[in-house]
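Remarks on the overall topology
The lines below spell out each chain.
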Amino acid sequence: MKVGSWNEWDPLRHVVVGRADGTMVQAPEPAVVRDWPEHGFPRGTYGPLPEEMTAAANEQLDSFARVLEARGIRVDRPRPLDFGRPVATPEWTQRSMFGAMPVRDVLVVIGNELLEATMSFRSRWFEYLAHRPLIEDYFRADPDMRWEAAPKPRLTGASYRPGFWEEFGALPAGEQIARVRAGDLVLTEAEPLFDAADIARCGKDLFVQRSLATNAAGIRWLRHHLPEHRVHGVTFGTTHPLHIDATWVPLRPGLVLHCAERPAEEELLRYLAVNDWQVVPAAAPGRREPPPLSACSRWLSMNLLVLDPRTVCVEASETAQMEQLDRLGFEVVPVPFWDVAPFGGGLHCATLDVHREGVLEDYFPRRSGRF
Ligand code: ABU
């Protein structure tokens, strides 16, 4: 038993796969607006996702776990909470939690450190508890594991821009993207906030997206916390930045899959170019629409799990994405996963790599601009 992973591609030996049980369309809160009248959840309403959807998602998650185990990868599962119950801190009350499917959002392993993210939704403040039984087991079993939790956020009204959603929603897309580039979104800079899924790990370099869940103070906290790394704050040209793993997906040393609909900053592209990295635009998704009851986009097509530098798991209906990866020299493992998407994401979102073989390496020896 060992906790250790430096990047997104070294050979995977041990992974956590989430569970769909009890996932909620969460109760209203300042960080996020849910408005899905066509699926029975108009703005202001909340409640559990339908039982038949939950059963279908769990079937795909269980089957994915079996695919990984058949390849000799150890798979652990979280222990879902009663996410329908209200939660509170001394400063606020939230009428429901969310779920325990997207493990990637909450936890990240960097070297021998397992780090619990702050999160920025009140409905997700306590989500780490679904993973604590596993984390405690790892801590007992691995004498070298570092167990860290980022500062628990207060998430008072001071952490959110009042009236953000109404104001932002009324802007044309170009102005919304300008706000994304400027980091002028729902989160203020009152305290460090980040979701772990905004981090893409490339050895010494960590690319962290400033998003609807991650603010500049969160990126600064990560930079101070990980002094042996280069922690780069990055933005992409999208109106709804939330987690980097359907936008900027490192596949192996020298190769990143990039969502071309969400352009990277020129300076970031130059940094990759001077270090001889190739940035490949991902194939267009097969799906025409985003998943129902979900903040995710149809670009979950590129939310994949790399098993080693030659093998990658991809959602089974995304044939164009699979063919592209095949052309790039990967063995592609198709995994049916679309029924999981409403529960918080794709194959990368659903997992946490606890152990990948490998050591810390510097894949970007040359500096460029602010990088
Ligand atoms: N949370 C995973 C990616 C979200 C998206 O861009 O579709």
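Residues numbered from 1 in each chain as written. Predicted model: local features only at pLDDT ≥ 70, side-chain atom pairs only at ≥ 80, totals over all residues. Heavy atoms only, no water.

Looking up the protein in an unreviewed UniProt entry gives the name Serine/threonine protein kinase, with the organism given as Streptomyces caatingaensis. According to the UniProt record, the Sequence similarities (unreviewed entry) comment for the protein reads "Belongs to the amidinotransferase family." (UniProt positions renumbered as here; feature names shortened; annotations may be inferred.)

Near the ligand the following residues occur: Leu242, His243, Asp245, Ala246, Arg262, Cys296, Ser297 and Cys349. Within the side chain of His243, an N or O atom sits 3.1 Å from a nitrogen atom of the ligand. The side chain of Ser297 places a nitrogen or oxygen atom 2.7 Å from an oxygen atom of the ligand. Across the complex, the protein chains shield 95% of the 250 Å² of accessible surface that the ligand would expose by itself. For the shell around the ligand, the per-class residue count stands at 4 nonpolar, 2 polar and 2 charged. (Near = heavy atom within 4 Å. Polar contact = N/O pair within 3.5 Å; in protein donor to acceptor, adjacent residues only side chain to side chain. Areas by Shrake-Rupley, 256 points an atom, 1.4 Å probe, with all protein chains shown as cover. Nonpolar A, V, L, I, M, F, W, Y, C, P; charged D, E, K, R; others polar.)

This part takes up the packing of aromatic side chains. How two aromatic rings sit relative to each other is given by the distance of their centres and the angle of their planes. Overall, the coordinates contain 14 aromatic pairs when judged by the stated rule. Summarising the aromatic geometry, the rings of Trp9 and Trp277 are spaced 6.1 Å apart at their centres and angled 55° between planes, so their arrangement reads as tilted. Residue Trp9 is found in the segment before β1 (12–17), and its partner Trp277 is found in the loop between α7 (266–274) and β15 (278–281); the two are separated by 268 residues along the sequence. An identical accessibility class is assigned to Trp9 and Trp277; each is buried. Centre to centre, the rings of Phe164 and Trp165 are 4.9 Å apart; their planes meet at 85°, and the pair counts as edge-to-face. (Phe/Tyr/Trp six-rings, centres within 6.5 Å; stacked < 30°, edge-to-face > 60°. Helix = DSSP H or I, 4+ residues; strand = E, 2+ residues; numbered from the N terminus. Buried < 20%, exposed > 50% of the residue type's maximum accessible area, 1.4 Å probe, protein only.)

A few words now on the pairing of β15. Pairing between strand β14 (residues 255–258) and β15: 4 bridges, direction parallel. Among the inter-strand pairings, Leu255 is bridged to a residue of β15, identified as Gln278. (Pairing = 2+ DSSP bridges.)

On to α7. Buried residues of α7: Leu268, Tyr271 and Leu272, and no others. Taken around the axis of α7, the buried residues stretch over an arc of 95°, which confines them to a single face. Summarising the contacts, the buried residues of α7 are in contact with β11 (205–209), β12 (230–234), β13 (248–252), β14 and β15. Where α7 terminates, the next one or two residues include Asp276, which has phi positive at roughly 65°. (Arc of directions from axis to C-beta. Contact = heavy atoms within 4.5 Å.)

The next point concerns the sheet that holds β12. Spatial strand order, β10-β11-β12: 3 strands in an open sheet with mixed pairing. Two strands bound the open sheet, and with one partner strand each, they are β10 (199–202) and β12. Taken over all neighbouring pairs, the strand axes of this sheet differ in orientation by 20° on average, direction set aside. Sheet topology note: the β11/β12 ladder contains 5 bridges and is parallel. Note that in β12 the partner of Val208 across the bridge is Gly233. Sitting on the sheet, helix α6 (residues 216–225) is in contact with β10, β11 and β12, with an inclination near 170° to β12. Lying over the sheet, α7 contacts β11 and β12, oriented at roughly 160° with respect to β11. (Axes fitted to C-alpha atoms, helices over the stretch in contact; angles between N-to-C directions.)

The next subject is the environment of Thr351. With respect to the helices and strands, Thr351 occurs in strand β19 (residues 351–356). When its relative accessible area of 0% is taken as the criterion, Thr351 is described as buried. For the pair Thr351 and Pro78, spaced 273 residues apart in the sequence, the C-alpha separation amounts to 10 Å. Contacts of Thr351, omitting those with residues within four sequence positions, involve Val15, Val16, Val17, Phe64, Val103, Arg104 and Leu305. A polar contact of 2.9 Å, which involves the side chain of Thr351, links it to the backbone oxygen of His348.

Before going further, it helps to spend a moment on the nonpolar core. Counting residues in hydrophobic clusters, the biggest one holds 53 residues, and the most contacted among them are Leu114, Tyr138, Phe194, Leu222 and Leu352. For this core, the secondary structure elements donating two or more residues are α2 (103–106), β7 (107–110), β8 (113–116), α3 (132–141), α4 (164–169), β11, α6 and β19. Looking at which element gives the most residues to this core, the answer is β7, with 4 residues. Here Leu222 is in contact with Leu115, Phe194, Ile199, Val208 and Val231, once residues within four sequence places are set aside. (Core = buried A, V, L, I, M, F, W, Y, C linked by side-chain atoms within 4.5 Å.)

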